[in-house]
Amino acid sequence: MTATVPADSAAAAAPAAPAAPAVETSVLHDCRDTWAATLAELARADERVVAVVNDSVGSSKLGAFQKEFPTRTVNVGIAEQDMVGVAAGLANGGKVPFVSAAGCFLTARAMEQIKADVAYSRYPVKLIAQSPGVAYGDLGPTHHSIEDFAWLRTLPGLPVVAPADPRETEQVLRWAAAHDGPVYVRVSRMSVPDVYPEDYEFVPGVAVTLREGDDVTLLGTGVTVTRVLAAADELAESGVSARVLSVPTISPLDVDAIVAAARETRGLVTVEEAMVTGLGGAVAEVLAEHHPAPLRRIGFREFAITGSAPWLLDHVGASPEAIAATARELL
């Protein structure tokens with residue numbers, strides 16, 4: 001199932017997809033601000049909401065939350081396995097724990113606890129990966145979190161979500177709080193512009209059509225959506241019609257949208273701030289099983305070197321110009 005972003009409510013009912021709203025690239029936002037504000041609102045409305053952190057109050061921007069809810073902020077120190085285990089225990093006791101930690105340490109150090117204590121047990125633990133992907137670019141591979149999509153999408157019953165902008169981040173967090181089960185959410189540290197209009201509604205497992213096109217399909221997730229939109233604009237200048245799908249949910253994946261893109265365009269290009277075995281691997285599996293089609297995967301294929309996050313994305317071919325070039329090569 002594919003959702004198309006409407007220009008207004010009337011257009012939403014029209015059979016033809018309207019033009020997507022322009023992205024205001026001059027205004028950038030830190031999604032961690034949205035995360036902190038939304039968690040506080042959730043906590044005020046529901047006394048079961050608690051935050052569990054690994055000495056990451058500052059980097060998670062939870063200083064104000066801790067001050068307002070000192071007894072509902074659990075800081076286990078630098079002990080990620082304990083952090084997830086404590087959260088599972090709190091969930092078993094009726095709480096709604098939000099685990100907030102750097103994505104690299106949350107997923108790598110606590111993978112067994114995520115698998116056994118959370119996913120297998122189906123406890124409603126909300127795993128919030130701060131500074132995911134290569135956001136800690138200058139700190140090198142030890143602090144990169146580019147394997148998380150590939151690791152976590154294999155766990156049954158664990159939705160894996162990467163919001164593209166603050167509006168989607170807020171909606172994903174509110175959905176996660178109400179979801180009766182575990183959730184993994186990336187919260188971007190890299191500043192991003194608004195991608196969606198005010199009336200956008202996040203639906204888990206649904207890809208969002210941001211541009212219509214019949215030559216090639218570009219699929220982005222998280223911070224790469226903005227780059228994919230810019231690539232589509234560049235392709236349009238040379239007469240190439242690019243469909244753009246924003247894929248916030250890596251698992252469960254929107255199979256219908258991918259199959260439709262394979263049938264209706266001449267090939268697909270995935271772009272992610274992760275190893276290409278994440279979104280790219282998931283899309284490849286869908287194509288192999290349902291409708292083989294040409295595919296190019298842009299992302300990391302080895303440990304990322306040290307550098308700023310934007311530079312690292314450019315380095316692996318995820319600049320708008322390089323994405324457009326890859327699409328032309330595929331065609």
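Residues numbered from 1 in each chain as written. Predicted model: local features only at pLDDT ≥ 70, side-chain atom pairs only at ≥ 80, totals over all residues. Heavy atoms only, no water.

J.: For the environment of P182, give the residues involved together with the corresponding values.
T.: Inspection of the secondary structure puts P182 in the loop between α8 (166-178) and β7 (183-187). Since its relative accessible area comes to 0%, P182 is described here as buried. Separated by 57 residues in the primary sequence, P182 and V125 place their C-alpha atoms 4.8 Å from one another. Setting aside its immediate chain neighbours within four residues, P182 contacts V118, A119, R122, Y123, P124, V125, G157, L158 and P159. (Helix = DSSP H or I, 4+ residues; strand = E, 2+ residues; numbered from the N terminus. Buried < 20%, exposed > 50% of the residue type's maximum accessible area, 1.4 Å probe, protein only. Contact = heavy atoms within 4.5 Å.)

J.: Go over the nonpolar core with me, naming the residues and quoting the values.
T.: As a rule of thumb, nonpolar side chains are buried together in soluble globular proteins. Judged by nonpolar contacts, the single largest core of 63 residues is most densely connected at W35, F98 and L218. When residues of this core are assigned to their parent elements, the largest contribution, seven residues, is made by helix α2 (residues 31-45). Once you skip the residues sitting within four places of it in the chain, F98 turns out to touch W35, L39, L42, V49, V50, A51, V52, K126, I128, L173 and A177. Counting 41 residues, the second-largest nonpolar core is a separate cluster that includes L155, L268, A282 and V286. (Core = buried A, V, L, I, M, F, W, Y, C linked by side-chain atoms within 4.5 Å.)

J.: Could you give an account of the sheet that holds strand β2 (residues 49-53), naming the residues involved and the relevant values?
T.: By way of backbone hydrogen bonds, the strands of a sheet pair with one another, either parallel or antiparallel. Strand order in the open sheet formed by seven strands is β3-β2-β4-β5-β7-β6-β11, and the pairing between neighbours is mixed. Each of the sheet's edge strands pairs with one partner strand only, and the pair in question is β3 (73-75) and β11 (249-251). Of the strand pairs in this sheet, strand β5 (residues 126-130) and β7 are connected by five bridges, and their pairing is parallel. Looking at the pairing, I128 lines up with V185 of β7. Relative to the sheet, helix α4 (residues 80-92) contacts β2, β3, β4 (96-102) and β5, its axis offset from that of β4 by approximately 170°. (Pairing = 2+ DSSP bridges. Axes fitted to C-alpha atoms, helices over the stretch in contact; angles between N-to-C directions.)

J.: Can you explain the packing of helix α9 (residues 224-237) against helix α13 (residues 320-330)? Please cite residues and give values.
T.: One can describe the packing of α9 onto α13 by two numbers: an axis separation of 8 Å at closest approach and a directional angle of 60°. With respect to α13, the element α9 is oriented oblique. Of the two elements, α9 crosses α13, and the hand of that crossing is right-handed. Touching R227, V228, A230, A231, E234 and L235 of α9 are P320, E321, I323, A324, A327 and R328, all from α13. (Parallel < 35°, antiparallel > 145°, perpendicular 65-115°, else oblique. Left-handed = near helix turned anticlockwise from the far one by under 90°.)

J.: Requested: an account of the pattern of salt bridges, with residues and values cited.
T.: All told, the structure shown has 16 salt bridges when counted by the stated rule. In this structure, the salt-bridge partner of E285 is R153, at a minimum N-O distance of 2.9 Å. Taken together, the residues E285 in helix α11 (residues 279-290) and R153 in the loop between α7 (148-152) and β6 (160-161) connect sequence positions 132 residues apart. Its relative accessible area of 42% is what places E285 among the partly exposed residues. Across the pair R211 and D233 runs a salt bridge whose closest N-O atoms are separated by 3.6 Å. Remark: D233 occurs in helix α9 and R211 occurs in strand β8 (residues 207-211); sequence separation between them is 22 residues. For D233, a relative accessible area of 39% translates into the label partly exposed. (Salt bridge = Lys/Arg side-chain N within 4 Å of Asp/Glu carboxyl O.)

J.: Explain the packing of aromatic side chains residue by residue, including any values.
T.: Applying the stated criterion to the full structure yields four aromatic pairs. Where W175 meets F202, the ring centres are 5.7 Å apart and the plane angle is 65°; that geometry is what we call edge-to-face. Of this pair, W175 sits in helix α8 while F202 sits in the loop between β7 and β8, and the two are 27 residues apart along the sequence. Across the pair, F202 and W175 agree in class, each one buried. With a centroid separation of 3.9 Å and an interplanar angle of 10°, the aromatic rings of Y196 and Y200 are classed as stacked. With respect to class, Y196 is no different from Y200; both count as buried. The ring of F149 has R186 lying over it, and the distance from NZ or CZ to the ring centre is 4.0 Å. (Phe/Tyr/Trp six-rings, centres within 6.5 Å; stacked < 30°, edge-to-face > 60°. Lys NZ or Arg CZ within 6 Å of the ring centre and 35° of its normal.)

J.: Residues and numbers for α13, please.
T.: Because each turn of an α-helix spans 3.6 residues, side chains separated by three or four positions in sequence point in the same direction. Taken as a whole, α13 has its buried residues at P320, I323, A324, A327 and L330. Buried residues of α13, seen end-on, are gathered within an arc of 120° and therefore sit on one face of the element. Residues of α13 that are buried in the fold lie against β9 (216-220), α9, β12 (268-275) and β13 (295-300). (Arc of directions from axis to C-beta.)

J.: I'd like a description of the state of the cysteines, backed by residues and values.
T.: Note on terminology: a disulfide is the covalent bond linking the sulfur atoms of two cysteines. The final tally for this structure, using the stated rule, is zero disulfides. Take C31: it sits in no disulfide, and the sulfur closest to it among the cysteines is that of C104, at 18 Å. The class for C104 is buried, based on a relative accessible area of 6%. (Disulfide = S-S within 2.5 Å.)

J.: Can you tell me about the confidence of the model for the protein, naming the residues and giving the values?
T.: Model confidence for the protein is summarised by a mean pLDDT of 92, while 92% of its residues fall at 70 or above. pLDDT under 50 marks residues 5-24. Its contacts with residues more than four places away, or in other chains, come to 30 contacts. (pLDDT = per-residue confidence, 0-100.)

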